[in-house]
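The lines below spell out each chain.
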Amino acid sequence: MPAGQVCTVLYVDRDDRRTRRAIVVGAGVVGSAVSLELARRGWQVTVVDRGPAPGHGSTSASSAVVRFTYSTIAGTAMAYEGEGYWRGWAGHVRLPHDVPLTTFVPCGMVFFDDESHIAAGCVPMLEALGVRHEWWTVDELGRRLPHLSTGGWFPPTPVDDPAFAADPPRRLHGALFTPEAGYVTDPQLAAQNLADAAVAAGAVLRMRSEVVGVFRRGSRVGGVELAGGGRIEADVVVNAAGPHSTIVNTLAGVTGDMTVTTRPLRQQVSHVRVPADSGVPTAGHPTTADMDGGIYFRPDHEALLVGGVEAECDPLVWLDDPDDVDLELDPAEWEAQVYRLARRIPALGIPHERRGVVGVYDVSDDWLPIIDRSELDGWYLAMGTSGNQFKNGPIIGHCLAELIERVEDGHDHDTDPVVVTGPHRGLSIDLGTFSRRRTIDRDRAAGVMG
């Protein structure tokens, strides 16, 4: 893609001393959060993105679920700290009162307790970190959300399998409820809010600008080359390029010591309008994780968004090139999601019109993000977000800024991982969990779920 229109904002060095320069590749929710954190710390930040505006890539296709059910202490701590940003969004971005802001809806999250035992596996992390949670019996689940079927079908099956239409052989065991969870109403606007805040702090946005090369200054990164012949110098470069992150890493030659790889994955989320006479509530309905049925869903005004949870019976559409994605709704995937939702909510029925959104996520081998330095001094990684890290965009920005400043000041993160203290609840976040050189634990691998 040729370099296009460039939006520039002059940077003012507030204390008249040389400011360290950073380039952030990618203006999604993570890249925009990183640029904001660095700009507020006095870095001279330039954000480059091949898209037309912040958040128009993977971020715009996110279901924007805010949850705390992760399989590691660090992942849970990051998510719980991250909720503080969304709860106090206006205070975080500090934009003028007439600027539209995205909204956090704290509707809580119900995670069915079923034969997978995934919900139960999250509880030790919640307890260790003081995350508010409740256990509901299956009867309590039925009383609180009477429109939901409490049948248990685990494991999920394709909708054309005879077992799909059979009576459930059991009931759910109950549900895990985290009342502080919820969702963000407009993920693209969230990225735009962060980008606007970064510009207000002195960052420069260069949209429609594609990175096509990386140059070095001795043993360090020196900057990036853009399509059309442009070049930007920097002391630090952050790769937050989403599904293009591996391509950008290859340009930099920094993949040699990585034990974790990432691949672009096509993802589809269906939009199901709720009939007014169905008796199914949407306002205040909790986000719901239904591993038993192979889906998750959350309210969206007078509708529900429903996505898959990477059940074993469902094919995953991996891409060699993220630009080759088919953005048309896949009828088979739409049917799988919508029929599963209708089985869980019998009064909903099947809509006549297919509606939804398709995106591409940057998925790591274990579905955990990579938040790290690289083998090239000055090159940092905020990638492998796997479709489940939208909620953590702001806290990832904080963590990576902390990591960058400590490493640039001489700390050896590879042998002594940086531990960041969260700004909202004071929780410790061990960034070694998200190392590029970590050992893959397949038993702890998660999925998208928002």
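Not measured: the values here are computed from a predicted model. (Residues numbered from 1 in each chain as written. Predicted model: local features only at pLDDT ≥ 70, side-chain atom pairs only at ≥ 80, totals over all residues. Heavy atoms only, no water.)

A. Representation of the packing of aromatic side chains within the structure. Considering all chains together, one arrives at four aromatic pairs under this definition. Measuring from centroid to centroid gives 4.7 Å for tryptophan 136 and phenylalanine 177, while their planes differ by 25°, and the two rings are stacked. With a gap of 41 residues between them, tryptophan 136 in strand 6 (residues 134-137) and phenylalanine 177 in strand 9 (residues 174-178) connect regions that are remote in the sequence. Residue classification places phenylalanine 177 among the buried residues on the basis of a relative accessible area of 12%. The ring of tryptophan 334 carries arginine 354 above its face, with NZ or CZ at 5.6 Å from the centroid. A cation sits over an aromatic face here: arginine 425 above tyrosine 80, 3.6 Å from the ring centre. (Phe/Tyr/Trp six-rings, centres within 6.5 Å; stacked < 30°, edge-to-face > 60°. Helix = DSSP H or I, 4+ residues; strand = E, 2+ residues; numbered from the N terminus. Buried < 20%, exposed > 50% of the residue type's maximum accessible area, 1.4 Å probe, protein only. Lys NZ or Arg CZ within 6 Å of the ring centre and 35° of its normal.)

B. Structural context of the sheet that holds strand 14 (residues 231-233). Spatial strand order, 12-13-14: three strands in an open sheet with antiparallel pairing. If you trace the sheet from one side to the other, it starts and ends with strand 12 (211-217) and strand 14, each paired once. Each adjacent strand pair in this sheet contributes to an overall mean axis angle of 25°, direction not counted. Pairing of strand 13 (residues 220-226) with strand 14 involves three bridges; the strand directions are antiparallel. Among the inter-strand pairings, glutamate 225 is bridged to a residue of strand 14, identified as arginine 231. (Pairing = 2+ DSSP bridges. Axes fitted to C-alpha atoms, helices over the stretch in contact; angles between N-to-C directions.)

C. Summary view of helix 8 (residues 331-344). The end-to-end C-alpha distance of helix 8, which contains 14 residues, comes to 20 Å, matching closely the 20 Å that a straight helix rising 1.5 Å per residue would cover. Restricting attention to buried positions, one finds in helix 8 the residues Trp334, Ala336, Gln337, Val338, Arg340, Leu341, Ala342, Arg343 and Arg344. On the buried face of helix 8, the contacting elements are strand 5 (109-113), strand 7 (151-152), strand 16 (262-273), strand 17 (287-290), strand 18 (295-300) and strand 19 (303-308). (Expected span 1.5 Å × (residues − 1). Contact = heavy atoms within 4.5 Å.)

D. Structural context of the environment of leucine 205. For leucine 205, the location among the structural elements is in strand 11 (residues 204-206). Classification of leucine 205 as buried rests on a relative accessible area of 9%. Counting along the chain gives 122 residues from leucine 205 to leucine 327, while the straight-line C-alpha distance between them is 27 Å.

E. Structural context of the packing of helix 1 (residues 29-40) against helix 9 (residues 393-408). For the pair helix 1 and helix 9, the least separation of the axes is 8 Å and the interaxial angle reads 50°. Relative to helix 9, helix 1 is oriented oblique. For the crossing formed where helix 1 meets helix 9, the hand is right-handed. Note on element contacts: helix 9 touches helix 1 through Gly393, Pro394, Ile396, Gly397, His398, Leu400, Ala401 and Ile404, opposite Val29, Val30, Ala33, Val34, Glu37 and Leu38. Here the residues of the contact of helix 1 with helix 9 are counted per class, giving 10 nonpolar, three polar and one charged. (Parallel < 35°, antiparallel > 145°, perpendicular 65-115°, else oblique. Left-handed = near helix turned anticlockwise from the far one by under 90°. Nonpolar A, V, L, I, M, F, W, Y, C, P; charged D, E, K, R; others polar.)

F. Examining the sheet that holds strand 4 (residues 104-105) more closely. On the basis of which strands lie adjacent, the open sheet formed by three strands has the order 3-10-4 and antiparallel pairing. Of all strands in the sheet, those with a lone pairing partner are strand 3 (65-66) and strand 4, marking the two edges. Pairing between strand 4 and strand 10 (residues 182-184): two bridges, direction antiparallel. Each bridged residue has a counterpart across the sheet, and for valine 105 the counterpart in strand 10 is tyrosine 183.

G. How the structure looks around the environment of isoleucine 371. In this structure, isoleucine 371 sits in strand 22 (residues 370-373). Apart from residues lying up to four places away in sequence, isoleucine 371 is in contact with Met78, Leu381, Ile396, Leu400, Leu403, Leu431 and Phe434.

H. Region of interest: the nonpolar core. Membership of the largest hydrophobic core comes to 76 residues, with the highest contact counts inside it found for Met78, Val238, Leu400 and Leu431. Broken down by element, this core gets its largest block of residues, eight residues, from helix 9. With sequence-adjacent residues up to four places away left out, leucine 400 is seen in contact with Val34, Val238, Ile371, Asp372, Tyr380, Leu381 and Ala382. (Core = buried A, V, L, I, M, F, W, Y, C linked by side-chain atoms within 4.5 Å.)

I. Seen up close, unusual backbone geometry. The step from phenylalanine 154 to proline 155 runs through a cis peptide bond, and the omega angle for that step is 5°. Positionally, proline 155 belongs in the loop between strand 7 and strand 8 (170-171). Residue alanine 64 is not a glycine yet carries a positive backbone phi of 60°. Locating alanine 64 in the fold gives a position in the loop between strand 2 (44-48) and strand 3. We classify alanine 64 as buried; its relative accessible area is 0%.

J. Up close: the pattern of salt bridges. What the rule picks out here adds up to 28 salt bridges. For arginine 21, the salt bridge identified is with glutamate 233, shortest N-O distance 3.7 Å. Note that arginine 21 is positioned in strand 1 (residues 21-25) and glutamate 233 in strand 14, a separation of 212 residues in sequence. On the basis of relative accessibility, which here comes to 43%, the residue glutamate 233 falls in the partly exposed class. Salt-bridge contacts for arginine 344 lead to aspartate 292; the nearest nitrogen and oxygen are separated by 3.0 Å. In this pair, arginine 344 is assigned in helix 8 and aspartate 292 in the loop between strand 17 and strand 18, connecting sequence segments 52 residues apart. As far as burial versus exposure is concerned, arginine 344 and aspartate 292 are alike and both buried. Where salt bridges share partners, they join Asp257, Asp372, Asp414, Arg436 and Arg437 into one cluster. (Salt bridge = Lys/Arg side-chain N within 4 Å of Asp/Glu carboxyl O.)

K. Spotlight on the pairing of strand 19. Along strand 19, six of the six residues are buried, which leaves the element largely enclosed by surrounding structure. What you see with strand 19 is no split at all: Ala303, Leu305 and Gly307 on one side and Leu304, Val306 and Gly308 on the other are buried throughout. For strand 16 and strand 19, the ladder comprises five bridges, and the chain directions are antiparallel. When the sheet's bridge partners are listed, valine 269 is paired in strand 19 with glycine 307.

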